[in-house]
Protein chains: 2
Amino acid sequence: MTDIKPGPNPLFLREAELRQAIEMLFFAYRDFTSEPDQILAQYGFGRAHHRVIYFVGRHPGITVSELLAILAITKQSLSRVLGQLVGEGFIEQRPGERDRRQRLLELTDRGRALERRLTENQRSRIARAFREAGAEAVEGFHRVLLNIIDECNRGRFDRRETLAAGTTGTEGATGAEGATGTEGAGLESAASRR
Amino acid sequence: MTDIKPGPNPLFLREAELRQAIEMLFFAYRDFTSEPDQILAQYGFGRAHHRVIYFVGRHPGITVSELLAILAITKQSLSRVLGQLVGEGFIEQRPGERDRRQRLLELTDRGRALERRLTENQRSRIARAFREAGAEAVEGFHRVLLNIIDECNRGRFDRRETLAAGTTGTEGATGAEGATGTEGAGLESAASRR
DNA sequence: CCATATATGTCAACATGACTGACATAAAAC
DNA sequence: GTTTTATGTCAGTCATGTTGACATATATGG
């Protein structure tokens, strides 16, 4: 009873540990999204807009299909928010070069500004948490979180790809290629889902 | 720390690391909730019902106010789902002893069965992730996640309390007291919020 | 005892973001 | 030249959140 786990019942402790993790995920995700939500409200946007802005910013030149695969929502749902974002000048569309049916998506300057404003918030929250928890904890955080994610979605977090995305640099015209490569695996599973 | 980051630009890597964490939270939370969502759909329920069932199960005898403070939604929103759960026999209400205005909430057998079914799913996902990541990683996971949570909500995860909840055992008639004690701090902040 | 505060419930209206189903168009592919 | 694919769109529904106003029962403090 003095310190931790002189335990009367290790199963109870394990139970408590799992329950705690469940609740921490709930509170962490809620707190993590609440500040951006407030910013978005100023623009008349919601969390759905944030997700679109985020992933378009992350994968410049992404196609609508790829975006749908990442978000795992219907095209009708995406259409509403994407339409607003394009209409209000946060996102630009341009036809694909090889396949002119595609509408490649990209942030405008205005979109990039909003993206920075929104993500900056979350980034600093994470950065603070990482700093306070220490490098070793960060490693464990990654490892556990990755294992919580469905196996079919873990491909998005391959060591190679993420680092590559950061080091290939420009992120401009080549973005489409990068996005296609990154989301290839995910596309299939999501496509089969709906 | 030794063999990682031979990197060309430590700022880029840090950027990538933060971005990766943001995305992992997104995917992890989505995958984490999707299976329970499917089960809930069979009952005509949604995620909101899950949250109510979960926290009532976790704090038997909890008051409506306390539940509102945890969920951080309006009483009108809660009323709808709570009304359904009571109406369909998943949750029971009884007047408070000291304060008869209160409606103390408790799961019925039926409610407990659903709670188990729902949470079992998430618990095994977390358990698997913990097992595959290792004890050290779990420690880091906890530390980081706790730091992501708003400071005012971290009180819910005091070492003492969680373990106490696990070791006090019975979780029956004494639940009301336990719940009141556990959520006391959180109540104020949320109460002042709306 | 009466006035006020608190715990809870309820009605009504609305916004967001998801869903399904059906249909349309342009371009690619075979 | 038919079929498939990428995308868009119309129309309706549902779940879950919101605000605002008001009702009721009980507690609490002069």
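Position numbers for residues start from 1 in each chain and track the written sequence from start to end. Labels follow written order: the first chain is A, the first ligand is 1, and so on. Where local features are concerned, this predicted model is filtered to residues with pLDDT of at least 70; where side-chain atom pairs are given and counted, the filter is 80 or more; whole-chain, interface and lining totals use all residues. No hydrogens and no water enter the side-chain calculation; it runs on all heavy atoms of the structure.

Undergrad: Explain the protein's contact with DNA strand C residue by residue, including any values.
TA: Note on definitions. A residue lies near a molecule or strand when any single heavy atom of the residue is within 4 Å of it. For DNA strand C, the set of nearby residues contains 26 residues, the closest of which are A:G46, A:R51, B:S65, B:K75 and B:R101. When atoms of DNA strand C within 4 Å of the protein are sorted by moiety, sugar and phosphate together comprise 57%. A 3.5 Å cut-off defines polar contacts: any pair of N or O atoms within that distance qualifies, except that in protein one atom must be a possible hydrogen donor and the other a possible acceptor, and neighbouring residues in sequence count only when both atoms are side-chain atoms. At 2.7 Å, a backbone N or O of A:T74 approaches a phosphate oxygen of DNA strand C. A distance of 2.8 Å separates a base oxygen of DNA strand C from a polar atom in the side chain of A:Q76. Elements with a contribution of two residues or more to the surface near DNA strand C: α2 (47–58) and α4 (75–87) of chain A together with α3 (64–71) and α4 (75–87) of chain B. Under the convention adopted here, Pro, Cys and the residues Ala, Val, Leu, Ile, Met, Phe, Trp and Tyr are nonpolar, Asp, Glu, Lys and Arg are charged, and Gly plus all remaining residues are polar. Here the residues of the surface near DNA strand C are counted per class, giving 4 nonpolar, 11 polar and 11 charged. Secondary structure follows DSSP: runs of H or I at least 4 residues long count as helices, runs of E at least 2 residues long count as strands, and numbering of each begins at the N terminus.

Undergrad: An account of the protein's contact with DNA strand D is requested, with residue identities and associated values reported.
TA: Around DNA strand D, the surrounding shell holds 25 residues, and the nearest of these are A:S65, A:K75, A:R101, B:S77 and B:R80. Counting only the atoms of DNA strand D that lie within 4 Å of the protein, the sugar and phosphate share comes to 54%. Contact distances for DNA strand D include 2.9 Å between a phosphate oxygen and a backbone N or O atom of B:R47. Within the side chain of B:S77, a nitrogen or oxygen atom sits 3.2 Å from a phosphate oxygen of DNA strand D. Here the surface near DNA strand D takes 4 residues from helix α2 (residues 47–58) of chain B, the largest share from any one element. Classifying every residue of the surface near DNA strand D by side-chain character gives 4 nonpolar, 10 polar and 11 charged.

Undergrad: Hey, could you go over the relation of the copies chain A and chain B for me, with residue numbers and the actual values?
TA: Laying chain A over chain B is done by rotating through 180 degrees and shifting 0.0 Å along the axis; what remains is an RMSD of 0.0 Å. Accordingly, the operation relating the two chain copies is best matched by a two-fold axis. Ranked by how close their C-alpha atoms come to the rotation axis, the residues of chain A are headed by A:F141, at 1.9 Å. In superposing the copies, a least-squares fit is computed on C-alpha atoms, taking residues whose pLDDT is at least 70 in both.

Undergrad: Requested: an account of the pattern of salt bridges, with residues and values cited.
TA: Two side chains carrying opposite charge are able to pair once their charged atoms lie near each other. Whenever a carboxyl oxygen of Asp or Glu lies within 4 Å of a side-chain nitrogen of Lys or Arg, that contact is scored as a salt bridge. Taken as a whole and assessed by the stated rule, the structure comprises 20 salt bridges over all chains. Between B:R94 and B:E106 there is a salt bridge; the shortest N-O distance is 2.3 Å. One end of the pair, B:R94, is in strand β1 (residues 91–95); the other, B:E106, is in strand β2 (residues 103–107), and 12 residues separate them in sequence. Relative accessibility decides the category of a residue: with a 1.4 Å probe and only protein chains considered, values under 20% of the type maximum give buried, values over 50% give exposed, and everything between is partly exposed. Classification of B:E106 by relative accessible area gives partly exposed; the value is 22%. Within the structure, one salt-bridge network assembled from shared partners comprises A:E15, B:E120 and B:R123.

Undergrad: So, the packing of α2(B) against helix α5 (residues 109–133) of chain B: which residues are in play, and what are the values?
TA: All names here are of chain B. Interaxial distance between α2 and α5 falls to 10 Å at its minimum, and their mutual angle equals 105 degrees. Compared by their axis directions, α2 and α5 come out roughly perpendicular. Here α2 contributes H50, I53 and Y54 to the contact with α5, which in turn contributes G111, L114, E115, L118, T119 and Q122. Of the residues that constitute the contact of α2 with α5, the class distribution is 4 nonpolar, 4 polar and 1 charged. Inter-axis angles, ranging from 0 to 180 degrees, are taken between N-to-C directions of lines fitted to C-alpha atoms, where helices are fitted over the stretch in contact. Oblique is the label for every angle not falling under 35 degrees (roughly parallel), over 145 degrees (roughly antiparallel), or within 65 to 115 degrees (roughly perpendicular). Contacts are assigned to residue pairs with any non-hydrogen atoms lying within 4.5 Å of each other.

Undergrad: Tell me what's going on with the packing of helix α1 (residues 10–42) of chain A against helix α6 (residues 135–148) of chain B, and back it up with residues and numbers.
TA: Following both chains from N to C, one finds α1(A) and α6(B) inclined at 35 degrees, their axes separated by 9 Å at the closest point. The handedness of the crossing between α1(A) and α6(B) is left-handed. Between α1(A) and α6(B), the residues in contact are A:E17, A:Q20, A:A21, A:M24, A:L25 and A:A28 and B:V138, B:F141, B:H142, B:L145, B:L146 and B:I148, respectively. Per-class residue counts for the contact of α1(A) with α6(B) are 9 nonpolar, 2 polar and 1 charged. Handedness of a crossing is defined here by the sense of rotation of the near helix relative to the far one, left-handed for an anticlockwise turn of less than a right angle and right-handed for a clockwise turn.

Undergrad: Describe the interface of chain A and chain B, with residues and values.
TA: The partner chain B presents 66 residues to the 67 residues of chain A that form the contact. For the pair chain A and chain B, the two sides together bury roughly 7000 Å², of which 69% comes from carbon and sulfur. Scanning the region where chain A abuts chain B turns up 6 salt bridges. Inspection of the chain A/chain B interface yields 23 residue pairs in polar contact (both at pLDDT 80 or more). Broken down by secondary-structure element, the contributors of at least two residues to the side of chain A that touches chain B are α1, α2, α3 (64–71), α5 (109–133), α6 (135–148) and α7 (159–167) of chain A. Taken together, the residues of the side of chain A that touches chain B sort by class into 37 nonpolar, 11 polar and 19 charged. The quantity reported as buried area is the accessible area (1.4 Å probe) lost by two parts once they are put together, taken as the sum for both.

Undergrad: Any details on helix α1 (residues 10–42) of chain B? Residues and values, ideally.
TA: Taking 1.5 Å of rise per residue, 33 residues should cover 48 Å, and α1(B) covers 49 Å from first to last C-alpha, within 8% of that figure. Phi turns positive one or two residues past the end of α1(B), at B:G44, with a value near 75 degrees. Under the convention used throughout, the expected extent of a helix is 1.5 Å for every residue step, that is, one less than its residue count.

Undergrad: Run through the packing of aromatic side chains, naming residues and quoting values.
TA: Residue and element names in this part refer to chain A. Stacked, tilted and edge-to-face are the three classes applied to pairs of Phe, Tyr and Trp rings, where Trp contributes its six-membered ring and a pair requires centres within 6.5 Å; stacked means planes under 30 degrees apart, edge-to-face means over 60, and tilted covers the rest. With the rule as written, the count across this model stands at 20 aromatic pairs over all chains. With 5.4 Å between their ring centres and 75 degrees between their planes, F45 and F90 make a pair best called edge-to-face. Note that F45 is positioned in the loop between α1 and α2 and F90 in the loop between α4 and β1 (91–95), a separation of 45 residues in sequence. Judged by relative accessible area, which is 7%, F45 ranks as buried.

Undergrad: For the nonpolar core, give the residues involved together with the corresponding values.
TA: With 92 residues, the main nonpolar core has A:V52, A:I148 and B:V52 as its most contacted residues. The residues contacting A:V52, other than those within four sequence positions of it, are A:L67, A:L71, A:L78, A:V81, A:L82, A:L85 and A:I91. What is meant by a nonpolar core is a set of buried Ala, Val, Leu, Ile, Met, Phe, Trp, Tyr and Cys residues, joined one to another through side-chain atoms within 4.5 Å.

Undergrad: So what's going on with α3(B)? Residues and values would help.
TA: Residue and element names in this part refer to chain B. In terms of burial, α3 is largely enclosed, as 6 of its 8 residues are buried. By the burial criterion, the buried members of α3 are E66, L67, L68, A69, I70 and L71. A72 sits one or two residues past α3 and shows a positive phi near 55 degrees.

Undergrad: Report on unusual backbone geometry, specifying residues and quantitative values.
TA: Residue and element names in this part refer to chain A. Positive phi is not limited to glycine here, since A72 has a value of about 55 degrees. Within the secondary structure layout, A72 lies in the loop between α3 and α4. In this structure A72 comes out as buried when scored by relative accessible area, which is 19%.

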